[in-house]
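As a plain string of letters, each chain reads:
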Amino acid sequence: MPPTLASLLHHSALRLTLRAGEGTRLDVPVRWAHVSELPDPVPYMEGGELLLTTALKVDAEDPAEADRYVRRLAGAGVVALGFGVGVNYEKTPQPLVDAAAEHGLPLLEVPRATPFLAISKAVSAAIAADQYRAVTAGFAAQRELTRRALGDGPEGLLAALASQVDGWAALYDASGAVVAAAPDWAVRRAARLTPDVQRLRDRQTPATAVIAGQVAEDERGEAGGPGDGRDGGQGEDRVELHTLGTGRRPRSALAVGTAAPLGTAERYAVHSAIALLTLTTERSHSLHEAEQRIGAAVLHMLLSGEAQHARTVAGDLYGGLLDAPFRVVVVDGRGEELPAALEAAAAWAGEPVLVVPEAEQGRLVVLVADGGAALAACSEQAAALESAAERGAAAPAFGVSAPAGPTSVAAAYKQAVQALAVARRRGRVLVEHEHLAAGSVLPLLADDAVRAFAEGQLRALRDHDATGRGDLVASLRAWLSRHGQWDAAAADLGVHRHTLRYRMRRVEEILGRSLDDPDVRMELWLALKATGNGNGNGTTTGTGKGSGTGHPAGQGGRGGREG
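A brief structural summary. (Residues numbered from 1 in each chain as written. Predicted model: local features only at pLDDT ≥ 70, side-chain atom pairs only at ≥ 80, totals over all residues. Heavy atoms only, no water.)

**A short note on the packing of aromatic side chains**
The final tally for this structure, using the stated rule, is 2 aromatic pairs. When the centroid spacing of 5.8 Å and the interplanar angle of 50 degrees are considered together, the rings of phenylalanine 83 and tyrosine 89 count as tilted. Pair check on accessibility: phenylalanine 83 and tyrosine 89 agree, each one buried. An angle of 35 degrees between the planes, with centres 5.6 Å apart, marks the rings of tryptophan 479 and tryptophan 486 as tilted. Using a relative accessible area of 1% as the deciding quantity, one classes tryptophan 479 as buried. (Phe/Tyr/Trp six-rings, centres within 6.5 Å; stacked < 30°, edge-to-face > 60°. Buried < 20%, exposed > 50% of the residue type's maximum accessible area, 1.4 Å probe, protein only.)

**Some words on helix 8 (residues 307-322)**
Count 3.6 residues to each turn of an α-helix, and residues three or four apart come out pointing the same way. Over its 16 residues, helix 8 extends only 9 Å from the first C-alpha to the last, a length that falls short of the 22 Å expected when each residue adds 1.5 Å. Glycine 315 marks where helix 8 bends most, by close to 125 degrees. Of all the residues in helix 8, the buried ones are Ala307, Ala310, Ala314, Tyr318, Gly319, Leu321 and Leu322. (Helix = DSSP H or I, 4+ residues; strand = E, 2+ residues; numbered from the N terminus. Expected span 1.5 Å × (residues − 1). Bend = angle between axes of the 7 residues up to and from the residue.)

**Side note on a nonpolar patch on the surface**
The grouping of Ile294, Val313 and Leu317 at the surface amounts to a nonpolar patch, some 200 Å² of accessible area in total. The residue leucine 317 is located in helix 8 in this model. Judged by its relative accessible area of 32%, leucine 317 falls in the partly exposed class. (Patch = residues over 30% accessible without salt bridge, like charges linked within 9 Å, V, L, I, M, F, W, Y side chains within 5 Å. Areas by Shrake-Rupley, 256 points an atom, 1.4 Å probe, with all protein chains shown as cover. Salt bridge = Lys/Arg side-chain N within 4 Å of Asp/Glu carboxyl O.)

**A few points about the sheet that holds strand 4 (residues 80-84)**
Strand order in this open sheet of 5 strands is 1-5-4-3-2, and the pairing throughout is mixed. In this open sheet, the two edge strands, each paired with only one partner strand, are strand 1 (17-20) and strand 2 (32-35). The sheet shows a mean angle of 30 degrees between the axes of neighbouring strands, direction not considered. In the packing of helix 3 (residues 94-103) onto the sheet, contacts are made with strand 1, strand 4 and strand 5 (107-110), and the angle to strand 1 comes to roughly 75 degrees. (Pairing = 2+ DSSP bridges. Axes fitted to C-alpha atoms, helices over the stretch in contact; angles between N-to-C directions. Contact = heavy atoms within 4.5 Å.)

Structure, rendered in structure tokens:
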């Protein structure tokens, strides 16, 4: 530890005597010993010094001057005043003693036989010894951190670092999610700093931030951690955040929380941890790129129908993913945070995930376990992006397939791409293919291109009706909704069935298409729906007789339902 007033008073060779300040703390560290005979040495003080003087330029027997002198020293952060006797004064003047007692400044009497140089040497030697101990402890910490990193990985390193600094430590991925923390209770504490980590991520590496005075609630509910009952359930910690990585953007971040500012030895330990984690991160990045290449090969084989070969190449890396139902997710306009967030969620849950960028299309293809943590992370990311999109921010789109197996990846990929296209058309962030299949086809008609096509299909009939020569559009709608049943459709319209037959012949003549063709009937019915000329339950606007359920194109031709 650094020299203190107590250690100097107990230094037998110095023979110092405490004349004032018996009730003050004597364990205050002494940063340096400085000699000055100036009447006001404060402009040259930094705080934490032991000031040595013989009062050559100060009238120490004048109470007012002594008070002014001591008050200035105490206000400047001087830890103590050492007064040398036997030079200008045979003993320490009482006004100086009274002033020191009044302002709480310890006053040490230095005997004539003790030169100021001896005190300076003692302080300097103690500081050097303390620094040597700190360096030695730092090297020992470095060896321990290295040993734990090699043996137990980042988790072991964090545990050793937390022990070295007598606090907690946490590792974050590029998205700001907590990857690991030590002790275990620090996970929730570290998670609350994710926004700070994300802000730090936007700065060029290396970047550091200090978050001081944060209230740390008891995360364990037991003694020994923050809020162990000694501080009423809460305590303040000081957190340092450091980015990790050698590139322009950090790959991860380290948080270190302590009750007080780090000392020299603790600082060495933190710097060693940063170096080791940076090496681990860069090495992990290289391994990650190699794994990504394997993942791309596995995906290519699956899409090509070579499921058995894909399983062989996947091995232990992705084999577990292929043993259970999974989903294919295609993401358009991906951000840098998404792959890291998905991989972090999967790693935290102990499940595999396959992430393959499609650089040419600017998309990301992901295989995630059905019902797993990575799929849940997709939904969480989509929900957050949906909120951002509502505020006008650009957001990627997600297309999610139905559950699939190794032999049906090509179909699942097609489903995900289709869902992605629907998400883009509808302005949605995430669309699941299952939802499309479970719903009605009619919402898909709410598209400008579909409506334009429908208007083109019906334009000739509308132009005819506009001349007042017949209600062909309404007649077509009634006939289609009644599946070609002449009597029912004519009754809905309130006309004779022969009139309706004539109108349907005119529809064929004007459109140049046969209503006996089920594809034509289907297209015309969808055109009516897309333009708002068909209602939701398939009936017409006439008398409303009959349910008219089912698709018009699914019945026979014009004569198939004639009664």
